[in-house]
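Architecture and fold: a report
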Amino acid sequence: MWFAEEGVVRIRAGRKPDRGNPDGIPDWSPGAVDRIELPPLNIQPRVQAEGHGNAESDRTPVITGWRIQADHGVDLDITAQDRIEWDGLLLEVEGEIARWPDPVEGGLDHVELNVVRVTG
């Protein structure tokens, strides 16, 4: 397995008041986010695809994705609403976080998640 040696940081949005939402809305401004360094993670390329441009733009978006997996028994403080900073990239969590049980010993076997970077 290949593990990222450089820092991987989980970024969680703060909340700011909103008249229509009693819980507030996500605040991604630098002073509002919560940042924590995650343990070493296995990060592998997953997908790279060109999206379809639209009539107003000559640009074709490129979506690049990675699968991230924590080591055996290591849980991660991460949700589907969080972002990941890794290797100079800002990545969005795609889908839900999978926490797989250990079928032999019980407890947590490992955590997996997908992240994507969209450019275009």
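The preceding data block contains the structure.
Calculation criteria
Residues numbered from 1 in each chain as written. Predicted model: local features only at pLDDT ≥ 70, side-chain atom pairs only at ≥ 80, totals over all residues. Heavy atoms only, no water. Helix = DSSP H or I, 4+ residues; strand = E, 2+ residues; numbered from the N terminus. Buried < 20%, exposed > 50% of the residue type's maximum accessible area, 1.4 Å probe, protein only. Pairing = 2+ DSSP bridges. Core = buried A, V, L, I, M, F, W, Y, C linked by side-chain atoms within 4.5 Å. Salt bridge = Lys/Arg side-chain N within 4 Å of Asp/Glu carboxyl O. Contact = heavy atoms within 4.5 Å. Polar contact = N/O pair within 3.5 Å; in protein donor to acceptor, adjacent residues only side chain to side chain. Phe/Tyr/Trp six-rings, centres within 6.5 Å; stacked < 30°, edge-to-face > 60°. Lys NZ or Arg CZ within 6 Å of the ring centre and 35° of its normal.

1. Topic: the environment of Q81
By the element assignment, Q81 lies in the loop between β6 (62–70) and β7 (83–86). For Q81, a relative accessible area of 60% puts it in the exposed group.

2. Some points on the pairing of strand β9 (residues 108–119)
Sheet topology places β6 next to β9; eight bridges connect them, and they run antiparallel. Pairing of I63 across the sheet is with V118, part of β9. Sheet analysis places strand β8 (residues 89–101) next to β9, joined by seven bridges and oriented antiparallel. Counterpart to P101 in the pairing with β9 is L108.

3. Section: the nonpolar core
Of all hydrophobic cores here, the largest spans 18 residues; its most connected members are L41, L76, I84, W86, L113 and V115. By residue number, the principal contributor to this core is β8, which donates four residues.

4. What about the pattern of salt bridges?
Counting across every chain of the model gives nine salt bridges. One salt bridge in this structure joins D34 and R10, with 3.1 Å as the shortest N-O distance. Highlighted residues: D34 in strand β4 (residues 34–37) and R10 in strand β1 (residues 8–12), separated in sequence by 24 residues. You can call D34 partly exposed: its relative accessible area is 37%. With relative accessibility at 0%, the residue R10 sits in the buried group. For the salt bridge of R10 with D82, the shortest nitrogen-to-oxygen distance reads 4.0 Å. Within this pair, whereas R10 is found in strand β1, its partner D82 is found in the loop between β6 and β7, the two being separated by 72 residues in sequence. Comparing R10 with D82, the two get one shared label, buried. Salt bridges sharing common partners tie together R10, R12, D34, D77 and D82.

5. Comments concerning the environment of R35
Here R35 lies in strand β4. Along the chain, R35 and A13 lie 22 residues apart, while their C-alpha atoms are 9.0 Å from each other. Sequence-distant contacts of R35, defined by excluding residues within four places in its chain, comprise V9, R10, I11 and E85. Of note is the side chain of R35, whose polar atom sits 2.6 Å from the side chain of E85.

6. Here's the deal with the environment of E96
Secondary-structure assignment places E96 in strand β8. The exposure class assigned to E96 is exposed, which follows from its relative accessible area of 65%. Considered as a pair, E96 and I78 are 18 residues apart in the sequence and their alpha carbons are 9.9 Å apart.

7. Describing the packing of aromatic side chains
Going through the model one piece at a time under the given rule, you end up with one aromatic pair. Ring geometry for W66 versus W86: centroids 5.8 Å apart, planes at 75°, classification edge-to-face. Placement of W66 in strand β6 and of W86 in strand β7 is noted, with a sequence separation of 20 residues between them. Judged by its relative accessible area of 10%, W66 is buried. Above the plane of the ring of W28 lies R83, whose end atom (NZ or CZ) is 3.7 Å from the centre.

That's the geometry; what it means functionally is another story.
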